[in-house]
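Breakdown of the fold
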Amino acid sequence: MRDATGLKRKATAAARRLATLPAVVRFAPRRPVVGLRAALSLVLLLAALPAVLLGAAAPAGAEILRGHGGPVRAIVEPTTPGQLVTGSFDQSVIRWKVPEARAEAVLRGHEDAVAALAALPDGRVVSAGADGRIVIWPVAGTAPERSVAAHKGPIAGLAASPDGRFVASASWDRTVAVTPIGAMTPAGAGAARVFEGHADNVNGVAFLPDGRAVVSAGYDATLRLWPLGAGEAPSILTLPAPLNAVAVAPDGEIVAAGADGALHFVAPSGGGLSMRERLDVMPGPVVALAITADGTRLAAAGLGGAVVLVDRTARRPVATLVGPGLPVWSLAFARDGRSLFTGGADRLVRRWDAVTGRPVDAIAPNPRDPAAETSTVRGAVVFRACRACHGLEADDTNRAGPTLHGLMGRRIATAAGYDYSAALKGMDIVWTPETVARLFEVGPSAYTPGTRMPEQVIADPDDRRALVEWLAEVTR
């Protein structure tokens, strides 16, 4: 609902600036050096853009999953057939049914942005994020199975060991932790091993194929190999730029994503690390990286919206996925290697052919949702920036925010099927045209302190009035 006149101007200007970022890869010998820490500062700006602007440039046929209220920071395909799981800056994890292209459940167990996901061999999924917590989710149901405070800073990367007994986490507290899943308790991470040595944020982590060591990638431009055997010393390789992500192939080769726009291929050998090759793939920082299960293909994503598919064996780019020109923050290949899922600043998850780079299919707008139609009614136009988070039907609960069906006259934090924050549950507010208007006049943080709702104000009183009148009509 961020259609205030001033915000519109800022968002439009930002969108124009972002449109100048390259959407197609151009290869050049020199690259600007920007790390994940600096790149993520763009998220605050992008999260403030109205969804109607963010989705405007989406290519036909590329959209697949809509439901997050913020940039999609993590994607993983569990071993459970037909499922996909995503995590977002809106603090939620969504479990999707891919064949039906619908959200199966919205999972809430974090108090801040969800930044990393990992799949366990038995179908469960592990999430982590800016609150420093690791949460294990069951195959079905919405209650967390286990949740533990694992780090003192945000967690940027997760990996599950091949046997599913451990989870490795990379944190901006400059540490790497390897936690036995069986030792995770509400009181702490139990017998977790914590590795220190990085001089700056750790952005990525992965297990070697035999599970005997983990590799971490840091903003300090180092790649570090941490043996899990007793008394074994780590190995360190310094690369030319800060590192934003890391992946490991089945044959043990390590690939690091650099802020210099390059992929760095590294071999673990003789207990150490040795540089093999560098491949320049884009003119800006690589902020996300994925590898197929067989290790033959890589996907690298950047701030300009381009995703480059790379033949790992041949060391050459084979296709470029051209999206809406906004940062792509997350990547995941389907287990069969034929499809690639991407998520980014536009809050959508898209599916692409991993061979040709073409979009696979599209989801038609929900015919029950008036905001998904081309209505020119002023209130409907204002609401379009809200539909990623809020539906209008009684059973429309699988979004980042609660359904608005029956909104007027309803007490705050009482919509069925939504897990509200404790702060909202204790408030004495009944939603009326007056209280809804006040919410967007002063902003959620001032009117409903402790809310998970992103900060937003509708400064134009005519826009507020039009929105309230329209909501009163369509939510009855």
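Residues numbered from 1 in each chain as written. Predicted model: local features only at pLDDT ≥ 70, side-chain atom pairs only at ≥ 80, totals over all residues. Heavy atoms only, no water.

The subject of this paragraph is the overall build of the chain. In terms of helices and strands, the chain carries 9 helices and 28 strands. Within the chain, counting contacts between residues at least 6 apart in sequence, those at least 24 apart form 49% of the total. Roughly 18600 Å² of accessible area belongs to the chain as shown, and the carbon and sulfur atoms make up 53% of that amount. (Helix = DSSP H or I, 4+ residues; strand = E, 2+ residues; numbered from the N terminus. Contact = heavy atoms within 4.5 Å. Areas by Shrake-Rupley, 256 points an atom, 1.4 Å probe, with all protein chains shown as cover.)

End to end, helix 9 (residues 461-474) covers 20 Å across 14 residues, agreeing with the expected 20 Å (1.5 Å per residue, within 8%). Burial in helix 9 covers these residues: Asp-463, Arg-464, Ala-466, Leu-467, Val-468, Trp-470 and Leu-471. Taking the backbone nitrogen of Asp-462 as reference, a side-chain oxygen 2.8 Å away marks Asp-460 as the first, capping residue of helix 9. (Expected span 1.5 Å × (residues − 1). Buried < 20%, exposed > 50% of the residue type's maximum accessible area, 1.4 Å probe, protein only. Polar contact = N/O pair within 3.5 Å; in protein donor to acceptor, adjacent residues only side chain to side chain.)

Before going further, it helps to examine empty space enclosed by the protein. Within the structure shown, the criterion is met by 4 cavities of 30 Å³ or more. Of the volumes computed, that of the second largest cavity is approximately 110 Å³. Contributing to the lining of the second largest cavity are 17 residues, with Gly-323, Pro-324, Val-328, Thr-342 and Arg-350 lying nearest its centre. When contributions to the lining of the second largest cavity are tallied by element, the ones reaching two or more residues are strand 25 (316-322), strand 27 (339-344) and strand 28 (348-353). Its residues placed into classes, the lining of the second largest cavity shows 10 nonpolar, 5 polar and 2 charged. (1 Å grid on protein atoms, 1.4 Å probe; cavity = no way out; pocket = protein on both sides within 12 Å on 5 of 7 lines; lining within 4 Å. Points joined across faces, edges and corners; volume = space filled by probe spheres on them. Nonpolar A, V, L, I, M, F, W, Y, C, P; charged D, E, K, R; others polar.)

Let us now look at the environment of Arg-378. Checked against the element boundaries, Arg-378 lands in helix 5 (residues 378-383). Exposure remark for Arg-378: the relative accessible area of 42% places this residue in the partly exposed category.

A word on the side chain of His-264. Tracing the chain through its elements places His-264 in strand 20 (residues 262-269). On the basis of relative accessible area, His-264 is assigned to the buried category, the value being 0%. Among the polar contacts made by the side chain of His-264, one reaches the side chain of Asp-260 at a distance of 3.3 Å. In this view, His-264 contacts Leu-239, Pro-240, Leu-243, Ile-254, Val-255, Ala-256, Gly-258, Met-275, Glu-277 and Arg-278; residues no more than four positions away in its chain are not counted.

The next point concerns the confidence of the model for the chain. With 80% of its residues at a pLDDT of 70 or more, the chain has an overall mean of 82. Every residue in residues 1-34 scores below 50 in pLDDT, and together they form 82 contacts with partners more than four places removed in sequence or on other chains. Note that residues 41-61 has pLDDT below 50 and, in this model, 49 contacts with residues that lie over four places away or in other chains. (pLDDT = per-residue confidence, 0-100.)

The next thing to look at is the sheet that holds strand 6 (residues 114-119). Ordered in space as 6-7-8-9, the 4 strands form an open sheet in which the pairing is antiparallel. Where the open sheet ends on each side, the last strands, each with one partner, are strand 6 and strand 9 (146-149). Averaged over all pairs of adjacent strands, the angle between strand axes in this sheet comes to 15°, irrespective of strand direction. Sheet analysis places strand 8 (residues 133-137) next to strand 9, joined by 4 bridges and oriented antiparallel. Along strand 9, the bridge assignment pairs Val-135 with Ser-147. (Pairing = 2+ DSSP bridges. Axes fitted to C-alpha atoms, helices over the stretch in contact; angles between N-to-C directions.)

Okay, unusual backbone geometry next. Only a minority of non-glycine residues have a phi that is not negative, and only a minority of peptide bonds are not trans. One non-glycine residue, Gln-91, lies in the positive phi region at around 75°. Mapped onto the secondary structure, Gln-91 falls in the loop between strand 3 (83-88) and strand 4 (93-97). Of the residues examined, Gln-91 reaches a relative accessible area of 14% and is grouped as buried. Positive phi, close to 75°, is recorded for Arg-347, a residue that is not glycine. With respect to the helices and strands, Arg-347 occurs in the loop between strand 27 and strand 28. We classify Arg-347 as buried; its relative accessible area is 5%.

The next subject is the pattern of salt bridges. Tallied over the full model, the rule gives 18 salt bridges. A single salt-bridge network, built from bridges that share partners, covers Asp-251, Glu-253, Arg-276, Glu-277, Arg-312 and Arg-315. (Salt bridge = Lys/Arg side-chain N within 4 Å of Asp/Glu carboxyl O.)

So, about the sheet that holds strand 18 (residues 243-248). Strand order in this open sheet of 4 strands is 18-19-20-21, and the pairing throughout is antiparallel. Of all the strands in the sheet, just strand 18 and strand 21 (272-280) have a single pairing partner and so form its edges. Pairwise comparison of adjacent strand axes, ignoring direction, gives a mean angle of 25° for this sheet. Relative to strand 19 (residues 254-258), strand 18 is paired through 5 bridges, and the arrangement is antiparallel. Its bridge partner being in strand 19, Ala-247 is matched across the sheet by Val-255.

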